[in-house]
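These are the residues of each chain, in order.
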Amino acid sequence: MGITKERKKTILLPIQQADLELSKLRFAAEILQKGGLVVFPTETVYGLGANALDEKAAENIFLAKGRPADNPLIVHIADFADLGQVVADLPPIAQALAEKFWPGPLTLILKKKESIPDAVTAGLPSVAVRMPDHPIARTLIKLSGLPIAAPSANLSGKVSPTSAEHVIEDLWGRVDVIIDGGRTGVGLESTVVDLTVWPPQLLRPGGVSLEELRQVVPELELDRALLDKNKQEKDMVPRSPGLKYTHYSPRAKVVLVRRGEKQKEKILELLESYQKAGKKVGILCREEWKSYFSKADFLLELTKGSDLQQAAYNLFNHLRRFDQVKMDVIIVEGVAEEGIGLAVMNRLTKAAQEIV
Ligand code: AMP
Ligand code: MG
C-alpha cells in the first residue's frame, strides 16, 4: 500500500488530565466513530488510532503511515469486557497474562473474531490485542465505544514517537486529530506474545520483560527471529510480519557498540575516526561516561548507571533529537540484555547500520 497524498486539516488537542477535559476527548471519540484518524498517547509510545471494526478506517491508517499492507495492527481495548468483540476464544493462559499485566504494555496474539476486518490483521486468522495503561487512551477508547486499531504514530520505518512533537513531524496533515498528552512513560513499544501456538512465543520484547512473563508462563520461548541475531531478518520468515521491515531509522547512521571489554575505548576510537572523515558525531551513553567523550559534536545521556527503564524512556526521544541537530552518525552504548534492556537492544539492533 502506498502513502496518502491527500492533505487533511489536522487538529491539535492538548490534554493534561483526561477526566478534566472530557469534552475534548468526546470530540476525538466522535471522529473515531465517523471513521477518522486520531493520534493519542499511550504508556508505551503514541498510537495512530481508527475504528478496528471499520475496514476503510483501518486502511486509512496504512495510507497515513505508508505502512506495508502485510504488517497487521494492534487492537486496543479499554475494558476486559471488550475482549469478546475482538477475539474468538480466550485460553486460560491468555486470561492469566491479561489479569496480571493489563492494563499495561503487553500485546497478546489470539484467534481473531470474524468481525475484525482483514485490513487490521493483514489477512491473518489471528489478532493482536492489548489494554493500554494511560488515562487518555483508556478514556478515549471507552468514549468511542469501539475497539481501536492503533500502530505507532510514526511514518513507516521511522523512530516511534514518544511526544506529540514527534507525531507532528511525521503525521501533520495526514490525520484528523493529534492529542498532546506529554511524553510517554515507558518510551518503547509493547511486548508481543503469540498465544496461538504452543509453547507460546515472544515475538517482540517490550515494556513487560521476559523474566516477568516467565513467572506466569514458564514455557514462554523467544521467537527464532529474536534468537538468530546474526542473520538478516529479511532472509527469514518471521512469525510477526512487522519484524521483517526496516524500523526505528533516524536519518543519521546508527552505530551500536555492544557491551563487553573496552566498550568505552571502542566508542572513542569510532568517534575519532568518523570525525576525521568529516562527520558530525553524536554519542548516546551513560551519564558517567559523558566527560570521556567531550570531543563529540553532540552528547546525550542514555542512562544514569545501569537504569534500563531510563534507557527505554530516553532511546527514541534522543534518536530523534540527534536528527534535529543534524548529526551524521550516532554512536550508541549498548546496554545489558536483561529486563527491559532486551527491548532496548532489540530496537537498537534494528536501528543500527553497524554493530561493533
Ligand atoms: P506497531 O503497532 O507498529 O508497534 O506494530 C505491531 C506489531 O505487532 C508488529 O510487529 C506486527 O507485525 C505485530 N502483530 C500485529 N498483529 C499480529 C498478528 N496477528 N500476528 C503476529 N504479529 C502481529
Ligand atoms: Mg511501529
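A brief look at the structure comes next. Please read these numbers as outputs of a predicted model, since none were measured by experiment.

Focus on the packing of aromatic side chains
One pair of aromatic rings is described through two measures. These are the centre distance and the angle between the planes.
At step 1: All chains considered together, the criterion is met by three aromatic pairs.
At step 2: Considering the side-chain rings of F80 and W102, the 6.1 Å spacing of their centres and the 40° angle between planes classify their relative orientation as tilted. Here F80, found in the loop between β4 (74–76) and α3 (92–101), pairs with W102, found in the loop between α3 and β5 (106–111); they are 22 residues apart in sequence, far enough to count as distant.
At step 3: Take W102: its relative accessible area is 5%, and that puts it in the buried class.
At step 4: Aromatic pair F298 and F322: ring centres 5.9 Å apart, planes at 85°, arrangement edge-to-face.

Brief notes about helix α2 (residues 55–65)
At step 1: Turning to α2, its buried residues number three or more, namely A57, A58, I61, F62, A64 and K65. Projection of α2 onto a plane perpendicular to its axis shows the buried side chains occupying an angular sector of 170°, all on one side.
At step 2: In this structure, the buried residues of α2 make contact with β3 (46–51), α4 (118–121), β7 (148–149) and α6 (164–171).
At step 3: Positive backbone phi, approximately 70°, marks G66, located one or two places after α2.

A word on the pairing of β3
At step 1: Counting buried residues in β3 gives six out of six residues, a clear majority hidden from the surface.
At step 2: In the sheet, strand β2 (residues 38–41) pairs with β3 via four bridges, with the strands oriented antiparallel. Residue pairing across strands places F40 opposite G47, the latter belonging to β3.
At step 3: Connecting β2 to the next strand, β3, in antiparallel fashion are four residues.
At step 4: Both β3 and β7 contribute to a ladder of two bridges, which runs antiparallel. Note that in β7 the partner of N51 across the bridge is I148.

The rules we used
Residues numbered from 1 in each chain as written. Chains lettered and ligands numbered in written order. Predicted model: local features only at pLDDT ≥ 70, side-chain atom pairs only at ≥ 80, totals over all residues. Heavy atoms only, no water. Phe/Tyr/Trp six-rings, centres within 6.5 Å; stacked < 30°, edge-to-face > 60°. Helix = DSSP H or I, 4+ residues; strand = E, 2+ residues; numbered from the N terminus. Buried < 20%, exposed > 50% of the residue type's maximum accessible area, 1.4 Å probe, protein only. Arc of directions from axis to C-beta. Contact = heavy atoms within 4.5 Å. Pairing = 2+ DSSP bridges.

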